[in-house]
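Close look at the chain arrangement
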Amino acid sequence: MMTTIETVVVETSSLGDRSYLAHDGQVALVVDPQRDIDRILALAGRLGVRVTHVAETHLHNDYVSGGLAMARLTGAAYLVAAADEVAFDRVPVSDGDEMALSPSMRLSVVATPGHTFHHLSYVLGGPDGPMGVFTGGSLLFGTTGRTDLLGAQHAHALAQHQHASVRRLADLLPDGTQIWPTHGFGSFCSATQTDASSSTIGRERGANPALRLEADDFVTQTLAGLDAYPAYYAHMGARNTAGADLVDLTPVRRADAAGLRARIDAGEWVVDLRSRKAFTQRHLAGTLSFGLDGPMSTWLGWMAPWGAPITLLGESAEQVAAAQRELARIGIDRPAAAATGTPEQWAGGDGTRLGELTVATFAELAAVRDGRNARDLPAPDVVLDVRLRNEWRAGHIDGATHIPLPELPHRLAEIPDGTVWVHCGSGYRAAAASSLLARAGRRVVHIDDNYSQAAESGLTVEETS
């Protein structure tokens with residue numbers, strides 16, 4: 001009877017990452033698990049397989065790993081690069097190591113430095129040879145992992161390593177070998193973004209810059225394309241080096257209206273998880289919009305001071321629990337408090353504590369600038385663009401002020417007086433920025449629109465040379 005080997009993707013779309021469970025119907029290998037390992041344990045249970053090995057491609061910079069906790073809970077061998085100095089017991093592995101996971105599955109270790117100095121890839125082999133390679137932050141779909149997360153001083157050398165590592169994988173493996181990367185689906189660990197959902201070594205030969213460009217050109221292109229990455233990354237490497245234990249996802253303490261008022265008055269981060277549309281229509285004054293329908297944990301984790309108390313407001317306990325899980329993945333383990341219900345309930349019936357935001361489109365901005373104002377919108381004294389620097393350089397509205405969203409909490413005083421119209425690329429980041437400005441007492445108009453509509457609406461768009 002032939003054994004079928006299957007690799008199952010466990011998606012964490014909010015962070016742009018993937019974990020994997022590869023199995024033969026009996027035993028399983030887990031690669032790069034996220035902090036909330038209950039998802040993978042439940043998957044293993046549904047499949048009826050036993051996790052015998054857990055492998056890390058690298059010490060992650062964008063999330064807290066669940067690998068150590070999973071290995072301890074299941075008794076699995078925990079494979080971590082021998083060259084990485086860590087504070088826990090593991091099975092140290094290095095380039096060229098091979099192991100039998102089962103009679104039908106083999107794992108080969110390939111050193112692929114670039115994303116980090118000690119990065120590894122793992123080739124999964126079956127009875128007929130290589131099936132796929134778990135590439136972590138090395139070879140991604142149409143791109144590679146970024147090379148500056150260990151500091152700008154290492155970015156050039158790591159980019160050179162990255163080029164060599166990708167070419168080594170392409171030389172080692174047949175064209176039909178599947179590529180199973182951890183990053184590259186919206187993760188800031190990726191050098192560039194791609195819409196691809198799968199790929200092979202053969203497909204990458206004609207598409208990946210590391211395989212199309214010579215080393216010097218690849219390094220130049222890679223370094224030129226890098227932009228800012230979340231501030232919380234600074235804490236992830238240390239946490240993963242120390243080793244994270246099981247996460248506590250039990251409900252946090254509840255805050256009543258008086259407690260919420262006290263937290264807001266103290267300047268704490270009280271976060272509204274509802275959609276930005278719901279927030280603009282009615283919200284508790286002083287709260288901040290980070291809707292769970294977008295990359296909440298990335299932007300909130302980037303902007304909130306590390307270790308600061310965070311209170312979550314949701315329509316339901318399920319919404320709060322989902323946000324708590326997302327935050328735990330980046331090391332924000334226990335929110336300070338939470339509340340569910342409606343803004344009216346959070347305000348304790350005090351209507352003076354409720355707020356709303358004016359919403360507009362790029363077409364309406366163009367109309368107001370041209371003296372056409374059908375909705376009697378307040379004229380803009382400032383048009384604030386909160387996109388990242390590479391987005392701004394690619395094109396921006398003439399006369400706009402640029403402050404990237406992650407910098408906004410510390411640069412509010414730089415924004416000129418008057419009414420501020422705020423935009424980003426699609427509306428999500430502009431909602432967060434608008435709520436920050438409203439909390440600071442500014443008059444705000446939230447442009448909830450796709451940036452592609454700016455030029456089509458007649459606004460002059462300029463490029464930064």
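What comes next is a walk through the structure. Everything numeric in this text was worked out from a predicted model, so none of it was measured.

1. Let's talk about helix α7 (residues 233-242)
The set of residues buried in α7 consists of Tyr233, Met236, Gly237 and Asn240. Mapping the buried residues of α7 onto a view down its axis gives an arc of 95 degrees, with all of them on the same face. More than 90 degrees from the buried face of α7, the exposed residues found are Ala234 and Ala238. Gly243 sits one or two residues past α7 and shows a positive phi near 95 degrees.

2. Digging into the environment of Ser316
Mapped onto the elements of the fold, Ser316 is located in the loop between β15 (310-314) and α11 (317-328). Of the residues examined, Ser316 reaches a relative accessible area of 24% and is grouped as partly exposed. One polar contact links the side chain of Ser316 to the main-chain amide nitrogen of Gln319, over a distance of 3.1 Å.

3. Focus on the environment of Gly126
Among the structural elements, Gly126 can be located in strand β9 (residues 120-126). Relative accessible area serves as the criterion here: at 18%, Gly126 is assigned to the buried category. Separated by 178 residues in the primary sequence, Gly126 and Ala304 have C-alpha atoms spaced 46 Å apart.

4. Quick notes on the packing of helix α3 (residues 152-172) against helix α6 (residues 215-224)
Remark: α3 packs on α6, axes separated minimally by 9 Å, with the N-to-C direction vectors making an angle of 125 degrees. Classified by the angle between their axes, α3 and α6 sit oblique to one another. When the axes of α3 and α6 are compared, the crossing they make is right-handed. Along the contact surface, α3 presents Ala155, His156, Ala159, Gln160, Gln162 and His163, while α6 presents Ala215, Phe218, Val219 and Leu223. In the contact of α3 with α6, the residues fall into six nonpolar, four polar and no charged.

5. A closer look at helix α13 (residues 362-369)
Summarising burial for α13: six of the eight residues are buried, a large majority. For α13, the complete set of buried residues consists of Phe362, Glu364, Leu365, Ala366, Ala367 and Val368. Just downstream of α13, Gly371 is the residue with a positive phi angle, here 85 degrees.

Thresholds, definitions, all that
- Residues numbered from 1 in each chain as written.
- Predicted model: local features only at pLDDT ≥ 70, side-chain atom pairs only at ≥ 80, totals over all residues.
- Heavy atoms only, no water.
- Buried < 20%, exposed > 50% of the residue type's maximum accessible area, 1.4 Å probe, protein only.
- Helix = DSSP H or I, 4+ residues; strand = E, 2+ residues; numbered from the N terminus.
- Arc of directions from axis to C-beta.
- Polar contact = N/O pair within 3.5 Å; in protein donor to acceptor, adjacent residues only side chain to side chain.
- Axes fitted to C-alpha atoms, helices over the stretch in contact; angles between N-to-C directions.
- Parallel < 35°, antiparallel > 145°, perpendicular 65-115°, else oblique.
- Left-handed = near helix turned anticlockwise from the far one by under 90°.
- Contact = heavy atoms within 4.5 Å.
- Nonpolar A, V, L, I, M, F, W, Y, C, P; charged D, E, K, R; others polar.

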